[in-house]
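One-letter residues, chain by chain:
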Amino acid sequence: MKRLFAMLAGLLFATVATAQEMAPDVLVRTVSNDVLEIVRKDKDIQAGSTRKAVELAEVKVLPHFDFAHMTRLAVGKDWRKATPEQQKILVDEFRTLLVRTYSKAFIEYRNHEIEFKPLKMQPADTDVLVRSVVKQPGGKPVQIDYNLDKTDRGWKVYDISVAGVSLVTNYRSSFAQEVSAGGIEGLIASLRAKNKGSEAAVAANKQ
Amino acid sequence: MLAGAMAGLLGGCATAGDAHDPIEGFNRGVFAFNEGLDKAVIQPAAKGYEAVLPTVVRTGVSNFYGNIADLFIGVNSLLQGKPADAVTDAARFIFNSTFGIAGIFDVASEMGLEKHEEDFGQTFGRWGAEPGPYLVLPVFGPRDVRDAAGLLLDLSADPAGNLDHIPTRNTLSAVRLISERATLLPADKIIEEAALDKYSYVRDAYLQRRRSLVFDGRPPREPDAE
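Residues numbered from 1 in each chain as written. Chains lettered and ligands numbered in written order. Predicted model: local features only at pLDDT ≥ 70, side-chain atom pairs only at ≥ 80, totals over all residues. Heavy atoms only, no water.

**Q** Which residues make up the overall build of chain A, and what values do they have?
**A** From N to C terminus, chain A includes seven helices and five strands. Starting at the N terminus, the α and β elements of chain A follow one another as α-α-α-α-α-α-β-β-β-β-β-α. The buried share of chain A, taken over its 207 residues, is 49%. Intrachain contacts of chain A at a sequence separation of at least 6 include 53% that bridge at least 24 residues. Accessible surface, chain A as shown: approximately 10,700 Å² in total, 57% of it carbon and sulfur. (Helix = DSSP H or I, 4+ residues; strand = E, 2+ residues; numbered from the N terminus. Buried < 20%, exposed > 50% of the residue type's maximum accessible area, 1.4 Å probe, protein only. Contact = heavy atoms within 4.5 Å. Areas by Shrake-Rupley, 256 points an atom, 1.4 Å probe, with all protein chains shown as cover.)

What follows is the structure in structure tokens.
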């Protein structure tokens, strides 16, 4: 058991280490192919276990996401009104919400084929767009784009858009609405309530 | 009814709403009506459709309508000054109508002829028309003023909707609606998971999506107000 754990930790470390040097398009492609492969094999995830999908995302996907950046983008100009503690809570709550949404999307679209477009990138670029297309049988292809920027911890995703709709900036006006109605605390309360509600739904689903 | 609409309008003014959505109160009313209709009729029909028919058949149905649409996509590509796209669209229609047996098989995509997504609303956008205020239309759902005008043209040019034989026309339109709704079933669950307020989530997604389409999937990134 201990040996297995050490081996797993070693593997994880190896993936993280190589990810730092990986080109952004290779990174996104590798991660999404790995995840899809697991999703397609995992019976629990296919049966709709959001908890299991979230666990998978935590290990495989989330290390490559920059949630602080995402939250800043979604909160927009109200970000500066938040105290550092509030900012930290906002990042945590928004992270939970995004992870759930993203995991759900992966489950729903697991049987579809993903095609990555060639990346146009200069060596000096620090902000790139990785484009992919999900082909659904009997439906129009759906464009999925990843915005990444180069940090000292490697390339990190800071926005994902599906069919031209950004999962991050799509919250901007509803967040602004929450802040104007109840201040930063109001926004935090709404996010918490939303995340709690989803948890309850997941718990009910498991029976 | 009118009083309700007026109250809705006033309600919309009272909240510190979105600049794109001046009649939010009214729109929310129509949105709730559409949601009710969807839950009661359209979504169950789409679920049944998905449960009963195998993927091959559903793909065939969707391809059939997609083929008719290609003709009008071609017209719009031309109107938007994209003749190369228009040629592709026309070639798609010709190959799929013949080798693809009335459009049931999308042989053109297999030949590498890419499908485009164009409509009159996008054409107006390409010509420089502003989207205008956001509207929620009964049954048709989210639009902006520009797309609502486009929708009128889309409908008047729609071959299935203009057939003289009423039962055929109604059947074709209903099947198309259900087929399109079925492809959106996965999105339902994602929106439920994602949205703090479904109305504004759908509105903002619609506005972003249309903006993206007008720029053919490559809109300039909006300034990040940080």
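Continuing now.
**Q** Report on the sheet that holds strand S4 (residues 154-162) of chain A, specifying residues and quantitative values.
**A** Residues and elements named next belong to chain A. An order of S1-S2-S3-S4-S5 is seen for the five strands of this open sheet, with the pairing classed as antiparallel. A single partner strand is all that each edge strand has here, and the edge strands are strand S1 (113-116) and strand S5 (165-166). Summarising the sheet, strand S3 (residues 142-151) and S4 pair through eight bridges and their orientation is antiparallel. Within the sheet, the bridge partner assigned to Thr151 lies in S4 and is Gly154. (Pairing = 2+ DSSP bridges.)

**Q** Account for empty space enclosed by the protein, naming residues and giving values.
**A** All names here are of chain A. Following the criterion strictly, the structure yields three cavities of 30 Å³ or more and no others. As a volume, the largest cavity reaches approximately 100 Å³. Along its surface, the largest cavity is lined by Leu27, Val28, Val31, Ser32, Val35, Val61, His64, Phe65, Tyr102, Phe106, Tyr146 and Val157. Where the lining of the largest cavity is concerned, the elements lending two or more residues are helix H2 (24-41) and helix H6 (84-108). The element contributing the most residues to the lining of the largest cavity is H2, with five residues. Grouping the amino acids of the lining of the largest cavity by side-chain chemistry returns 10 nonpolar, two polar and no charged. Here the second largest cavity defines a volume of roughly 60 Å³. Looking at the second largest cavity, the residues that line it are Val35, Val39, Ala53, Leu56, Ala57, Val61, Tyr102, Ser103, Phe106 and Ile107. (1 Å grid on protein atoms, 1.4 Å probe; cavity = no way out; pocket = protein on both sides within 12 Å on 5 of 7 lines; lining within 4 Å. Points joined across faces, edges and corners; volume = space filled by probe spheres on them. Nonpolar A, V, L, I, M, F, W, Y, C, P; charged D, E, K, R; others polar.)

**Q** How would you sum up the packing of aromatic side chains? Please name residues and give values.
**A** Residues and elements named next belong to chain A. Following the criterion strictly, the structure yields 12 aromatic pairs over all chains and no others. For the ring pair Phe94 and Phe175, a centre distance of 5.5 Å and an interplane angle of 75° mean the geometry is edge-to-face. Taken together, the residues Phe94 in helix H6 and Phe175 in helix H7 (residues 172-206) connect sequence positions 81 residues apart. The exposure class assigned to Phe94 is buried, which follows from its relative accessible area of 1%. (Phe/Tyr/Trp six-rings, centres within 6.5 Å; stacked < 30°, edge-to-face > 60°.)

**Q** Any details on the pattern of salt bridges? Residues and values, ideally.
**A** Residues and elements named next belong to chain B. If you walk through the whole model with that rule in mind, you get 33 salt bridges over all chains. For Glu50, the salt bridge identified is with Arg58, shortest N-O distance 4.0 Å. Each of Asp21, Glu24, Arg28, Asp197, Arg203 and Asp204 takes part in a single network of salt bridges with overlapping partners. (Salt bridge = Lys/Arg side-chain N within 4 Å of Asp/Glu carboxyl O.)

**Q** How would you summarise a nonpolar patch on the surface if you had to cite specific residues and measurements?
**A** Residues and elements named next belong to chain B. On the surface, a cluster of nonpolar side chains totalling about 380 Å² of accessible area is made up of Phe33, Val139, Phe140 and Leu155. Secondary-structure assignment places Val139 in the loop between strand S1 (134-137) and strand S2 (141-144). Among the residues examined, Val139 registers a relative accessible area of 53% and is labelled exposed. (Patch = residues over 30% accessible without salt bridge, like charges linked within 9 Å, V, L, I, M, F, W, Y side chains within 5 Å.)

**Q** Before we move on, could you go through the confidence of the model for chain A and cite the residues and values that matter?
**A** Scored by pLDDT, chain A has a mean of 84; 85% of the residues are at 70 or more. Averaged over each element, pLDDT in chain A is lowest for helix H1 (residues 2-21) of chain A (58) and highest for helix H5 (residues 67-75) of chain A (95). (pLDDT = per-residue confidence, 0-100.)

**Q** Talk me through the interface of chain A and chain B; I want residue IDs and the actual numbers.
**A** With 44 residues of chain A at the interface, the matching set in chain B holds 33 residues. Interface of chain A and chain B: buried area, both sides summed, is about 3,300 Å²; carbon and sulfur atoms make up 48% of it. The partner of Glu193 of chain B in a salt bridge is Lys104 of chain A, with the nearest N and O atoms 3.8 Å apart. Across the chain A-chain B interface, the total number found is 12 residue pairs in polar contact (both at pLDDT 80 or more). Elements with a contribution of two residues or more to the side of chain A that touches chain B: H5, H6, strand S2 (127-135), S3, S4, S5 and H7 of chain A. A per-element tally of the side of chain A that touches chain B places H7 of chain A first, with 10 residues. Across the side of chain A that touches chain B, the residue classes tally to 13 nonpolar, 17 polar and 14 charged. (Buried area = accessible area lost by both parts, 1.4 Å probe. Polar contact = N/O pair within 3.5 Å; in protein donor to acceptor, adjacent residues only side chain to side chain.)

**Q** How would you sum up helix H4 (residues 83-98) of chain B? Please name residues and give values.
**A** Residue and element names in this part refer to chain B. Taking 1.5 Å as the rise per residue, H4 with 16 residues should run 22 Å; its terminal C-alpha atoms sit 23 Å apart, in good agreement. Among all positions of H4, only Ala86, Thr88, Asp89, Ala91, Arg92 and Asn96 are buried. Lining the buried residues of H4 we find helix H3 (55-79) and helix H5 (107-110). (Expected span 1.5 Å × (residues − 1).)

**Q** Talk me through unusual backbone geometry; I want residue IDs and the actual numbers.
**A** All names here are of chain B. Positive phi values are uncommon outside glycine, yet Ala102 reaches one of about 55°. Relative to the assigned elements, Ala102 resides in the loop between H4 and H5. Under the relative-accessibility criterion, Ala102 is labelled partly exposed at 41%. The residue Asp216 is not glycine, and still its phi comes out positive at about 50°. By secondary structure assignment, the location of Asp216 is in the segment after helix H10 (198-214).

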